[in-house]
Amino acid sequence: MRVQGSCHCGAVRVEVPDAPAWVAACNCSLCRKLAWRVAYYPPEQVRISGETVAYVWGDRMIGIHHCPVCGSGTHWQTLGEDFGKMGINARLLDGFDESAVEVRKVDNAD
Ligand SMILES: [Zn+2]
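Please read all numbers here as calculations on a predicted model, not as lab measurements.

Draft legend 1. A look at the overall build of the chain. Of regular secondary structure, the chain possesses one helix and ten strands. Element order for the chain, N to C, with α for helix and β for strand: β-β-β-α-β-β-β-β-β-β-β. The C-alpha atoms of the chain give 13 Å as radius of gyration, which agrees with the globular expectation for 110 residues (13 Å, within 12%). For the chain, the spread of C-alpha atoms along the three principal axes comes to 35 × 30 × 25 Å. Each of the 110 residues in the chain was classed as buried or not, and the buried ones make up 36%.

Written as structure tokens, this is what we have:
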């Protein structure tokens, strides 16, 4: 069952194929500040509507997107290389309950 979500102000809407069974708690310098919980999906299965702004840093492999109105982190996606996946900030998904899913620590320390 597809799951909807949105940023805080509602300008950006996301839709994914199903609720995540697990989410990543990444330890990169950005995620440590933003407290994202990332769910991975194949890009073709994700729908994102509304304007986002990409922040690009470090090795410049991915763009990390946020809503320009409310600042909510929304997703990341590749800038070139095909990873076969993109990351959605699971905190935006309707009904997301961190205590109800497995939280896996992902080591991207930089
Ligand atoms: Zn917003």
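Having seen it, we continue.
Draft legend 2. Structural context of the layout of surface pockets. Roughly 500 Å³ of internal volume is contained in the largest pocket. Every residue lining the largest pocket is counted, 21 residues in all, and those nearest its centre are Cys-26, Cys-28, Trp-57, Ile-62 and Asn-108. Those elements giving two or more residues to the lining of the largest pocket turn out to be β3 (22-26), α1 (29-34), β4 (38-41) and β7 (62-66). It is α1 that contributes the most residues to the lining of the largest pocket, three residues altogether. For the lining of the largest pocket, the class distribution of residues is 16 nonpolar, two polar and three charged.

Draft legend 3. Representation of the sheet that holds strand β1 (residues 3-6). The strand order across the open sheet formed by three strands is β1-β2-β5, and the pairing between neighbours is antiparallel. Each end of this open sheet is capped by a strand with a single partner; those strands are β1 and β5 (47-49). The average angle at which neighbouring strand axes cross in this sheet is 15°, direction not considered. Examined bridge by bridge, β1 and strand β2 (residues 13-16) share four bridges and lie antiparallel to one another.

Draft legend 4. Spotlight on the coordination of the zinc ion. Bound to the zinc ion are the protein donor atoms Cys-7 (SG), Cys-9 (SG), Cys-67 (SG) and Cys-70 (SG), situated 2.3 to 2.4 Å from the metal. Here the zinc ion binds four donor atoms, and the angle range of 107 to 115° at the metal identifies the geometry as tetrahedral. Taken in chain order, the donor set of the zinc ion reads C-x1-C-x57-C-x2-C. Given the relative accessible area of 3%, Cys-7 is considered buried.

Draft legend 5. How the structure looks around the nonpolar core. Core analysis: the biggest nonpolar cluster contains twelve residues, these being Val-3, Val-14, Val-16, Val-23, Ala-39, Tyr-41, Val-46, Met-86, Ile-88, Ala-90, Leu-93 and Val-101. Those elements that provide at least two residues to this core are β2, β4 and β9 (86-89). Once you skip the residues sitting within four places of it in the chain, Val-16 turns out to touch Arg-2, Val-3, Tyr-41, Gln-45, Val-46, Ile-88 and Leu-93. Residues Cys-28, Leu-30, Val-38 and Ile-64 belong to the second largest nonpolar core, which totals nine residues.

What counts and what doesn't
Residues numbered from 1 in each chain as written. Predicted model: local features only at pLDDT ≥ 70, side-chain atom pairs only at ≥ 80, totals over all residues. Heavy atoms only, no water. Helix = DSSP H or I, 4+ residues; strand = E, 2+ residues; numbered from the N terminus. Rg over C-alpha atoms; globule rule 2.2 N^0.38 Å. Buried < 20%, exposed > 50% of the residue type's maximum accessible area, 1.4 Å probe, protein only. 1 Å grid on protein atoms, 1.4 Å probe; cavity = no way out; pocket = protein on both sides within 12 Å on 5 of 7 lines; lining within 4 Å. Points joined across faces, edges and corners; volume = space filled by probe spheres on them. Nonpolar A, V, L, I, M, F, W, Y, C, P; charged D, E, K, R; others polar. Pairing = 2+ DSSP bridges. Axes fitted to C-alpha atoms, helices over the stretch in contact; angles between N-to-C directions. Donors = N, O, S within 2.8 Å, 3.2 Å for Na, K, Ca; no water. Tetrahedral: all angles 85-135°; square planar, octahedral: opposite > 155°, others 65-115°. Core = buried A, V, L, I, M, F, W, Y, C linked by side-chain atoms within 4.5 Å. Contact = heavy atoms within 4.5 Å.

Just distances and angles here, no functional claims.
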